[in-house]
Amino acid sequence: MARLNIVQAINLALRQEMRKDKRLIVLGEDVGKSGGVFRATDGLQEEFGEDRVVDTPLSEVGIVGTSIGLAVNGMRPVAEIQFSGFLYSAYDQITTHAARIRTRSRGRFTCPIVIRSPYGGGVRALELHCESQEAVLAHTPGIKVVIPSRPYDAKGLLISAIRDPDPVVFLEPTRVYRAIKEEVPEEEYTVPLGKADVIKRGTDLTVISWGAMMKYTREALEKADYNAEIIDVRTISPLDSETIINSVKKTGRCLIVHEAPRTCGFGAEIIAQINEKAFLHLEAPVERVTGFDVPFPMYKLENYYLPDERRILKGVEKVMKF
């Protein structure tokens with residue numbers, strides 16, 4: 001069993017699914033000859049040819065719009081948006097068309113499209129290269145939103161997304177693309193969409209995170225004096241509310257960590273569901289450690305914006321000592 005990073009796990013998932021299903025086509029800017037800006041599609045064009053790994057013009061609305069047409073007509077497109085900030089350009093196609101095909105056609109058509117994109121900060125990139133807009137996408141009915149935090153899940157979740165009959169936005173945490181290596185089976189397997197992962201069992205408090213923040217949250221909690229139950233959401237939409245609620249009912253305390261801005265960030269939705277379904281079990285208000293309500297800063301201020309060990313441990317103490 002090979003030890004892979006997230007980029008390698010994604011490449012393996014794409015390669016295996018392309019071998020299995022000739023309807024699967026990969027398209028996007030520089031995905032072919034260059035293998036993608038982060039090399040996630042490296043070698044695919046060489047194996048499958050230019051008809052199935054297509055270098056497109058620099059037009060996100062064109063990439064997604066073309067993919068929707070392909071999907072409705074029986075293909076399985078996997079579209080790469082080079083950085084998640086450029087998803088804004090394709091947002092009309094995603095929300096107006098991809099998300100509504102099933103409803104608009106009263107179930108006659110589906111739109112099995114996967115839109116992959118590196119997302120999040122921490123890599124010293126330029127403006128619009130570090131966006132975390134998962135809450136905006138999750139607010140759109142008809143779209144599934146998936147965010148792996150480690151290589152094993154990246155492969156299994158991507159295969160599930162490719163096989164799903166409806167549109168999936170697959171956000172890949174750029175900051176940990178190569179920061180984590182773990183054993184990933186060569187054979188194909190799936191990780192179900194809509195199912196959170198309880199990384200560690202605990203009794204003192206529930207800590208919830210996803211994407212790149214999962215790594216840094218776990219590292220911070222190793223220095224805490226409490227037995228935390230750690231949950232990796234994995235799928236923002238649909239959300240595995242049951243796992244979260246059951247954990248909070250057990251521990252009575254909860255901390256949520258995400259790098260997106262605080263106001264209307266997805267942590268707010270999780271808090272709302274906890275208040276609706278587990279309020280009488282809470283021993284303290286649910287705490288959030290998040291990004292700030294400002295555009296993602298340029299690289300000199302990046303570390304001040306992103307949740308870090310100090311802020312996470314401060315949040316833990318606030319919840320535990322309420």
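That block above? That's the structure.
Residues numbered from 1 in each chain as written. Predicted model: local features only at pLDDT ≥ 70, side-chain atom pairs only at ≥ 80, totals over all residues. Heavy atoms only, no water.

**Some remarks on the side chain of Glu-131**
Alright, step 1. Mapped onto the elements of the fold, Glu-131 is located in the loop between β5 (114–119) and α6 (134–138).
Alright, step 2. Leaving out residues up to four positions away in the same chain, Glu-131 has contacts with Ser-84, Gly-85, Tyr-88, Tyr-119, Gly-120 and Phe-296. (Helix = DSSP H or I, 4+ residues; strand = E, 2+ residues; numbered from the N terminus. Contact = heavy atoms within 4.5 Å.)

**A short note on a nonpolar patch on the surface**
Alright, step 1. A cluster of nonpolar side chains, contributed by Leu-126, Met-298 and Tyr-299, occupies part of the molecular surface with about 340 Å² of accessible area.
Alright, step 2. Residue placement: Leu-126 occurs in the loop between β5 and α6.
Alright, step 3. The class of Leu-126 is exposed, set by a relative accessible area of 58%. (Patch = residues over 30% accessible without salt bridge, like charges linked within 9 Å, V, L, I, M, F, W, Y side chains within 5 Å. Areas by Shrake-Rupley, 256 points an atom, 1.4 Å probe, with all protein chains shown as cover. Salt bridge = Lys/Arg side-chain N within 4 Å of Asp/Glu carboxyl O. Buried < 20%, exposed > 50% of the residue type's maximum accessible area, 1.4 Å probe, protein only.)

**Concerning the nonpolar core**
Alright, step 1. One finds Ile-208, Trp-210, Ile-270 and Ile-274 to be the most contacted residues of the largest nonpolar core, which totals 96 residues.
Alright, step 2. Tallying contributions element by element places helix α1 (residues 6–20) first for this core, with eight residues.
Alright, step 3. Cys-130, Phe-296, Tyr-305 and Leu-306 belong to the second largest nonpolar core, which has five residues in total. (Core = buried A, V, L, I, M, F, W, Y, C linked by side-chain atoms within 4.5 Å.)

**Thoughts on the pattern of salt bridges**
Alright, step 1. Throughout the structure, instances matching the rule amount to 21 salt bridges.
Alright, step 2. The partner of Asp-164 in a salt bridge is Lys-144, and the shortest N-O contact between them spans 2.8 Å. One end of the pair, Asp-164, is in the loop between α7 (151–163) and β7 (168–173); the other, Lys-144, is in strand β6 (residues 144–146), and 20 residues separate them in sequence.
Alright, step 3. Assessed through its relative accessible area of 11%, Asp-164 is described here as buried.
Alright, step 4. With a closest N to O distance of 3.2 Å, Asp-153 and Arg-234 form a salt bridge. Taken together, the positions of Asp-153 in helix α7 and Arg-234 in the loop between β11 (228–232) and β12 (235–237) put the pair 81 residues apart, joining distant regions of the chain.
Alright, step 5. Through salt bridges that share partners, Arg-150, Asp-153, Glu-182, Asp-197 and Arg-234 make up one connected network.

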